[in-house]
Amino acid sequence: MYKERKNEILTGNEEIEKISNEQNLEEINIERSKEIIESANKDLDSINLVKNKIENKYFFDHIEDFENSSKDILKVIENHPESSHGLNKFSEYYLPTSVKLINAYYEFEQIAFKDPKILKSMDQIDQTIVDLTRAFERLQLDFLSDSTMEIKADIDTINLLLNLSLIHISEPTRRYAI
């Protein structure tokens, strides 16, 4: 009896420790997501300030797409803080570097003499912003794929249960005797 009780206590302690670790992980994810969102919003504010000075309409549009894609990622992080653990490069490299590139583009636009090297650099900056936008869109889809799989499973389960209950949505509404 003592050994059984001891095993129950040990098992209970392991479960408590597991729950505690899960809560700590959740708190860490929430804190990390807040840090990412705050840092990213500062970078996006910096981008927005320069964007409004950009003369090239096409590059301006590419920056807007980039901003929207970045904001969509932040919405995912806000709604799913557990996603934040894989976004170090997003918040610590890609966004700050993008700020630097967009600022450089603006500075190049201000130069009256358009050297071929400057024009090539401007084209490369533009293409990099377009590539980052596409990458951010794929990243967002990756984050949401788990949710969409869960939703599809829920829908499939509901349809299966409805079929088993002989209630078909495609049939006209009937009144059933109770």
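That block above? That's the structure.
This structure is a prediction, so every number in the text was calculated from the model and none was measured. (Residues numbered from 1 in each chain as written. Predicted model: local features only at pLDDT ≥ 70, side-chain atom pairs only at ≥ 80, totals over all residues. Heavy atoms only, no water.)

What about the pattern of salt bridges?
Piece 1. If you walk through the whole model with that rule in mind, you get eight salt bridges.
Piece 2. Linking Lys-42 and Glu-38 is a salt bridge whose minimum nitrogen-to-oxygen distance equals 3.7 Å. In this pair, Lys-42 and Glu-38 are both assigned in helix α1 (residues 2-51), four residues apart and thus about one turn of the helix distant.
Piece 3. Members of the salt-bridge network, linked through shared partners, are Arg-32, Glu-35 and Glu-92. (Salt bridge = Lys/Arg side-chain N within 4 Å of Asp/Glu carboxyl O. Helix = DSSP H or I, 4+ residues; strand = E, 2+ residues; numbered from the N terminus.)

Comments concerning the packing of aromatic side chains
Piece 1. Applying the stated criterion to the full structure yields five aromatic pairs.
Piece 2. Between Tyr-94 and Phe-136, the aromatic rings sit 6.3 Å apart at their centres with planes inclined by 70°, giving edge-to-face as the arrangement. Within this pair, whereas Tyr-94 is found in helix α3 (residues 88-110), its partner Phe-136 is found in helix α4 (residues 116-164), the two being separated by 42 residues in sequence.
Piece 3. Each member of the aromatic cluster is reached from another via a ring pair, and the members are Phe-66, Phe-90, Tyr-93, Tyr-94 and Phe-136. (Phe/Tyr/Trp six-rings, centres within 6.5 Å; stacked < 30°, edge-to-face > 60°.)

Observations concerning the environment of Lys-71
Piece 1. Mapped onto the secondary structure, Lys-71 falls in helix α2 (residues 57-79).
Piece 2. In this structure, the C-alpha to C-alpha distance between Lys-71 and Ile-37, residues 34 residues apart in sequence, is 9.2 Å.

Notes on the side chain of Lys-51
Piece 1. Of note, Lys-51 is situated in helix α1.
Piece 2. Since its relative accessible area comes to 6%, Lys-51 is described here as buried.
Piece 3. Apart from the residues lying within four places of it in its own chain, the contact partners of Lys-51 are Phe-60, Ile-63, Glu-64 and Glu-67. (Buried < 20%, exposed > 50% of the residue type's maximum accessible area, 1.4 Å probe, protein only. Contact = heavy atoms within 4.5 Å.)

Thoughts on the side chain of Asp-43
Piece 1. On the secondary structure map, Asp-43 appears in helix α1.
Piece 2. Despite being buried, Asp-43 has no salt bridge partner; Lys-42 is the closest side chain of opposite charge, sitting 8.7 Å away.
Piece 3. Beyond its immediate sequence surroundings of up to four residues, Asp-43 is in contact with Ser-91, Leu-95, Pro-96 and Val-99. (Lys, Arg positive; Asp, Glu negative; His and termini not counted.)

Let's talk about the packing of α2 against α3
Piece 1. Relative to each other, α2 and α3 sit at 165°, their axes nearing to 13 Å. When the axis of α2 is compared with that of α3, the two are roughly antiparallel. In terms of crossing hand, the pair formed by α2 and α3 is left-handed. Judged by residue contacts, Phe-59, Ile-63, Phe-66, Ser-70, Ile-73 and Leu-74 of α2 engage Phe-90, Leu-95, Ser-98, Ile-102 and Tyr-105 from α3. (Axes fitted to C-alpha atoms, helices over the stretch in contact; angles between N-to-C directions. Parallel < 35°, antiparallel > 145°, perpendicular 65-115°, else oblique. Left-handed = near helix turned anticlockwise from the far one by under 90°.)

Side note on the nonpolar core
Nonpolar side chains in soluble globular proteins tend to end up buried together.
Piece 1. The biggest cluster of nonpolar side chains holds 27 residues, and the ones touching the most others in it are Phe-59, Leu-74 and Phe-90.
Piece 2. Once you skip the residues sitting within four places of it in the chain, Phe-90 turns out to touch Ile-36, Ala-40, Ser-70, Ile-73, Leu-74, Leu-95, Pro-96 and Phe-136. (Core = buried A, V, L, I, M, F, W, Y, C linked by side-chain atoms within 4.5 Å.)

Things to note about α2
Piece 1. In this model α2 runs 33 Å from its N-terminal to its C-terminal C-alpha over 23 residues, within 8% of the 33 Å that 1.5 Å per residue would give.
Piece 2. Among the residues of α2, Phe-59, Ile-63, Phe-66, Glu-67, Ser-69, Ser-70, Ile-73, Leu-74, Val-76 and Ile-77 are the ones counted as buried.
Piece 3. Its side-chain oxygen 2.8 Å from the backbone nitrogen of Tyr-58, Asn-56 forms the N-cap of α2. (Expected span 1.5 Å × (residues − 1). Polar contact = N/O pair within 3.5 Å; in protein donor to acceptor, adjacent residues only side chain to side chain.)

A few points about α3
Piece 1. For α3, with 23 residues, the first-to-last C-alpha span of 33 Å sits near the 33 Å given by 1.5 Å per residue.
Piece 2. Those residues of α3 that sit buried are Phe-90, Ser-91, Leu-95, Ser-98, Val-99, Ile-102, Tyr-105 and Glu-109.

Examining the environment of Asp-65
Piece 1. Structurally, Asp-65 can be placed in helix α2.
Piece 2. Spatially, the C-alpha atoms of Asp-65 and Val-130 are 8.2 Å apart, while their sequence positions differ by 65 residues.

Here's the deal with the environment of Ala-135
Piece 1. Looking at the element boundaries, Ala-135 is found in helix α4.
Piece 2. In sequence terms Ala-135 and Ser-69 are 66 residues apart; their C-alpha atoms lie 9.2 Å from each other.

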